[in-house]
Each structure stands twice: as C-alpha cells, then as structure tokens.
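# Inside the fold
Okay, here's what each chain looks like letter by letter:
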Amino acid sequence: MSKVIKRIAVFTSGGDAPGMNAAVRAVVRTATYHDLHVYGIYRGYEGMIEGDLRRLEPRNVGNIIHRGGTILKTARSQRFREAAGRKQAFESLQAFDIDGCIAIGGDGTFTGASVFSKEHDIPFIGVPGTIDNDLYGTDYTIGFDTAINTAVEAVDKIRDTADSHNRLFFVEVMGRNSGYIALHTGIGSGAGCVLIPENDMGIDQLIDILKKGAKRKKLFSVVIVAEGSPHGGAGEIAAKVQEQFDFYDTKVTIIGHLQRGGSPTCLDRVLASRLGYHAVEALIAGRSSEMVGIINDKVTYTPFEEAIAKSKPVNDDLVKMAEILAI
Ligand code: F6P
C-alpha cells in the first residue's frame, strides 16, 4: 500500500512558462484543502540539492495567477544529473519530511524526476509546463497558448512594416525540437510560409513558393522559422534565400525570450489550475512517476518514461492547410 501523504513539495524547473504560477497556486490550495502541508522548492533541482525549501500557504500564492515567470524561480541543474547530487537532494527532502513532489516543467524536468524516483523512495508527479508544447501525453502544455499569442501579436506588427516597404521578413520563434509554436504562429498570423523541424521543406522549395507568390503580385511576405529548423536559424535562411532571389528586400526578426514572458492567457491559467489540482489528487491517490495531462478534455496520466521518449508530432492537416492558405 502506498504511504499516507502529509507533506508535499512543489517546484518549477527548466525554461519558465507563463501559467506556472497558476499551477503552483492550484497545488498549494488543493493540498491545503486536503490538510496537507506544502513546501515550495526554489530554483528547481538546484534548490532541492541545497535544501532551499519554504512553507507555502494559500496567502503566499495570492495575486500570482496573472503573473508570468515563476515565483519559485527555475534553473537547469547540472548537479542533479549526477547520482551524488540526487542523493543530496533526497536528503534535503527527508530533512523536511517530504512524502511526495510535484514537478512543473518539460522533458528535462521529467527525465530528472524519473531517474530520481528509481533511486529514492519519494513519489513524483509531473505537470507539463513548457511553451514548446512538445510533450507526449497532453494536448497542450502550460505556456504554449500565451507564447503563440505573444508571437502572433509581434508578427501582426511586423506585417504592417513589411507591407509598407514591400519586404520579406524571416521571423524566428522558439521551439528547439518542435514546430508547434511556429506552425500555430504561422497559421494565426497568416504567414506566407512556415519552416519547422518536422517538415523537410528545403531552401529551393521555399524560394519556389516565394517566386510563385511574387508572380501573383504578393508584394511582401512573412516566413516563420522555428528555432530548430533543419536549415538553420532565420538569419542563415534569409541569407541563403537572398543570394538566389532578390525580388524583396529581406529582414530578420528573432522574437526570442519575449515569448516566454508576460501574463498568461485565460486558457493557460485554466489549464495550469486543472493540472495543478489533479497533480495533488494523483499524489494523494498513490500515483507516482507519471505526468498529468489533458487529452480531449479528459485528465490523463502518462508514465514519465513515455512522456519523455515518445514524440508528439504536429498535426499534418495543419501543415498542409498552412501551405494552402498562404497562396
Ligand atoms: O524549452 C523551452 C525553450 O523556450 C525552447 O524553445 C528554447 O530553445 C529554450 O527554452 C531556451 O532556453 P534558455 O532560455 O534556457 O536558453
């Protein structure tokens, strides 16, 4: 039988994502409702190693639902990759009598949690928080909706100046290994073309599309490039295109970390609240080493190993549609 949970810890790790605070708030309040004590671990696994845990009560998480970033701070910990670091982290959790942990983050966070849970007897539940939306086991991750809205707002502004000057803009969005942000930004902003790690559109094909557009009297164009595009970043691709096709004056914009900040959208706040709430319920029910997600509006639990190893491909239908709508 799984042990009774009395004290839990919550932390955020990896890249921050808008909505993480809403998830922390949901964890603290749900746990308090169930008479559990909650500790916040500051700076992710780094803080776990150093024993940087502080008691969180419902009033400590007031007035944070609308704030971007994470009040618990975050880090990418090298030390936690080593068994010695994880042992030290276990000892810190023991010192605070922690019976279970809730990890809010992406695949790196869950890789750490998965390894830790095999070595040490403390259950972990994961909450998917990354703007990249690249986790298997949930339709959407916390922060994705806010990030694409930020990116679309930026591209709308770029469109105005691109149109005024008849320019070709290459706009780079985040997404190291995944094209979700680029694809949704491309469709939502009416871009002329989207380059993502998942499709193999080469420079020649891109030039062909741009030439056809120019023939149809397209006087400006915006191309969205995912950070992880196989043909390089927006700057590299723009240079290659400009070499062979100088119909347009070419410009490059990298939206970068703007996409990670800002007040979360209502969709992200609701998603984060639901996931945080169900993460606590899962720990109480004796679940461990699973990521809580939402698929088709139903709460699901995916083993960490699956969430990390399996990929969540972008929707081919959207890829095709993006091309057709750009003619
Ligand atoms: O994992 C989210 C993400 O935003 C990626 O899209 C991006 O490549 C990465 O984080 C950047 O991370 P950092 O800000 O730590 O360099």
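I will try to describe carefully the structure that is included in this document. All chains use their own residue numbering, which begins from 1 and follows the written sequence. Given that the model is predicted, a residue must reach a pLDDT of at least 70 before its local features are reported, and side-chain atom pairs must reach 80 or more before they are shown or counted; all residues, however, enter totals for whole chains, interfaces and linings. Excluded from the side-chain calculation are hydrogens and water; included are all heavy atoms of the structure.

## What to know about the nonpolar core
What counts is decided by this rule: Definition of nonpolar core: a set of buried residues of the types Ala, Val, Leu, Ile, Met, Phe, Trp, Tyr and Cys, connected through side-chain atoms within 4.5 Å. The buried label goes to any residue with under 20% of its type's maximum accessible area, the exposed label to any with over 50%, and the partly exposed label to all in between, with areas taken from a 1.4 Å probe on protein chains only. Helix and strand assignments follow DSSP, with helices taken as H or I runs no shorter than four residues and strands as E runs no shorter than two, numbered in order from the N terminus. All domain edges in this entry derive from an automatic or database-based domain assignment. Note on definitions: a residue-residue contact is assigned when non-hydrogen atoms from the two residues lie within 4.5 Å.
Counting residues in each nonpolar core, the largest one holds 61 residues, and the members touching the most others are Ile8, Val10, Ile102, Ile104, Val127, Val171 and Ile224. The element best represented in this core is helix H5 (residues 144-165), accounting for 8 residues. Per-domain counts for this core show at least three residues from each of domain 1 (7-143 + 264-309) and domain 2 (147-260). With residues up to four places along the chain from it excluded, the contact list for Ile104 reads Val10, Phe11, Thr12, Ser13, Met20, Ala23, Val24, Thr109 and Val127. Ranked by size, the runner-up nonpolar core spans 24 residues in total, among them Leu53, Phe90, Phe116 and Leu135.

## So, the site of the ligand
Formally: Throughout, the term near means that a residue has one or more heavy atoms lying within 4 Å of the molecule or strand in question. The term polar contact refers here to a pair of N or O atoms within 3.5 Å; inside protein, the definition further demands a hydrogen-donor-capable atom paired with an acceptor-capable atom, and it admits residues adjacent in sequence only when both atoms are side-chain atoms. Note on areas: Shrake-Rupley, 1.4 Å probe, and residue coverage restricted to the protein chains presented here. Residues are called lining when one of their atoms sits within 4 Å of a cavity or pocket point, these points coming from a 1 Å grid over the protein atoms alone, where a cavity is a set in which a 1.4 Å probe fits but cannot get out and a pocket is an open set with protein on both sides within 12 Å along at least five of seven lines. Just a note on the criterion: a molecule sits in a pocket or cavity if more than half of its atoms are within 2 Å of the grid points. All amino acids are sorted into three groups, where Ala, Val, Leu, Ile, Met, Phe, Trp, Tyr, Cys and Pro are nonpolar, Asp, Glu, Lys and Arg are charged, and the leftover types, Gly among them, are polar.
The ligand sits among Arg76, Thr130, Ile131, Asp132, Met174, Gly175, Arg176, Glu227, His257 and Arg260. One nitrogen or oxygen atom from the side chain of Glu227 is found 2.9 Å from an oxygen atom belonging to the ligand. Protein chains bury 77% of the 400 Å² of accessible surface belonging to the ligand in isolation. Taken atom by atom, the bulk of the ligand overlaps the largest pocket. In terms of residue class, the shell around the ligand is built from 2 nonpolar, 3 polar and 5 charged. A domain split of the shell around the ligand shows at least three residues from each of domain 1 (7-143 + 264-309) and domain 2 (147-260).

## Let's talk about the pattern of salt bridges
Side chains bearing opposite charge may pair, as long as their charged atoms lie close to each other. Rules: A pairing counts as a salt bridge when a side-chain nitrogen of Lys or Arg comes within 4 Å of a carboxyl oxygen of Asp or Glu.
Following the criterion strictly, the structure yields 15 salt bridges and no others. A salt bridge links Glu153 to Lys157; the nearest nitrogen and oxygen atoms lie 3.4 Å apart. With Glu153 and Lys157 both in helix H5, this residue pair falls 4 residues apart, about one helical turn. You can call Lys157 exposed: its relative accessible area is 54%. In this structure, Glu290 engages Arg287 in a salt bridge whose closest nitrogen and oxygen atoms are separated by 2.7 Å. Residue Glu290 is classed as buried on the basis of its relative accessible area of 15%. For Arg287, a relative accessible area of 31% corresponds to the partly exposed category. In this structure, a network of salt bridges that share partners links the residues Arg43, Glu46, Glu50, Asp52, Arg54 and Arg79.

## So, a nonpolar patch on the surface
The condition is simple: A patch is a set of surface residues, each over 30% in relative accessible area and not in a salt bridge, joined within 9 Å for like charges and within 5 Å for the nonpolar side chains Val, Leu, Ile, Met, Phe, Trp and Tyr.
Together, Met321, Ile324 and Leu325 line one region of the surface with nonpolar side chains, adding up to about 280 Å² of accessible area. With respect to the helices and strands, Leu325 occurs in helix H11 (residues 316-325). Judged by its relative accessible area of 62%, Leu325 falls in the exposed class.

## Considering the layout of surface pockets
Quick reminder of the rule: Grid points are joined across faces, edges and corners, and a volume is the space filled by probe spheres set on the points.
There is about 680 Å³ of room inside the largest pocket. Taken together, 32 residues form the lining of the largest pocket, with Gly14, Arg76, Asp107, Gly108 and Thr109 sitting closest to its centre. Element by element, the count of residues in the lining of the largest pocket is highest for helix H4 (residues 107-119), at 6 residues. Residues belonging to the lining of the largest pocket are distributed by class as follows: 6 nonpolar, 16 polar and 10 charged. Both of domain 1 (7-143 + 264-309) and domain 2 (147-260) provide at least three residues apiece to the lining of the largest pocket.

## Quick look at the packing of aromatic side chains
Going by this rule: Pairing of aromatic rings covers Phe, Tyr and the six-membered ring of Trp, with a centre-to-centre limit of 6.5 Å; geometry is then stacked below 30 degrees between planes, edge-to-face above 60, and tilted otherwise. Only when the NZ atom of a Lys or the CZ atom of an Arg is both within 6 Å of the ring centre and within 35 degrees of the ring normal do we say a charge sits over the ring.
Per the stated rule, a full pass over the model turns up 13 aromatic pairs. A ring pair is formed by Phe245 and Phe247, whose centres lie 6.0 Å apart and whose planes are at 15°; its orientation type is stacked. Pairwise contacts between aromatic rings join Phe11, Tyr45, Phe80, Phe90, Phe116 and Phe124 into one cluster. Cation over ring: Arg54 sits above Tyr42, and NZ or CZ is 3.8 Å from the ring centre.

## Some details on unusual backbone geometry
Even without being glycine, Ser289 reaches a positive phi, approximately 55°. As for its placement among the helices and strands, Ser289 is situated in the loop between helix H9 (266-284) and strand E10 (290-295). The backbone of Asn296 shows a phi angle near 50°, a positive value even though the residue is not glycine. Take Asn296: it is sitting in the loop between E10 and strand E11 (298-303). Taking relative accessible area as the criterion, Asn296 reaches 64% and is therefore assigned exposed.

## Topic: the side chain of Thr250
Its place among the elements puts Thr250 in strand E9 (residues 249-254). The exposure class of Thr250 is buried, given its relative accessible area of 15%. A polar contact is formed between the side chain of Thr250 and the side chain of Gln242, at a distance of 2.9 Å. The residues touching Thr250, leaving out its near neighbours within four places in the chain, are Leu168, Phe170, Ala238 and Gln242.

## Quick notes on the pairing of strand E6 (residues 167-173)
Within a regular strand, side chains alternate between the sheet's two faces. Which entries qualify depends on this criterion: A strand pair is defined by DSSP finding two or more bridges across the two strands.
Buried residues dominate E6, accounting for 7 of its 7 residues. Burial along E6 is two-sided: Arg167, Phe169, Val171 and Val173 facing one way and Leu168, Phe170 and Glu172 facing the other are all buried. Here 6 bridges tie E6 to E9, and the two strands are oriented parallel to one another. Within E9, the residue paired with Phe170 across the bridge is Val252. Judged from the 6 bridges that link them, E6 and strand E8 (residues 221-226) form a sheet pairing that is parallel. Looking at the pairing, Val173 lines up with Ala226 of E8.

Purely spatial values, then, with no claim about function.
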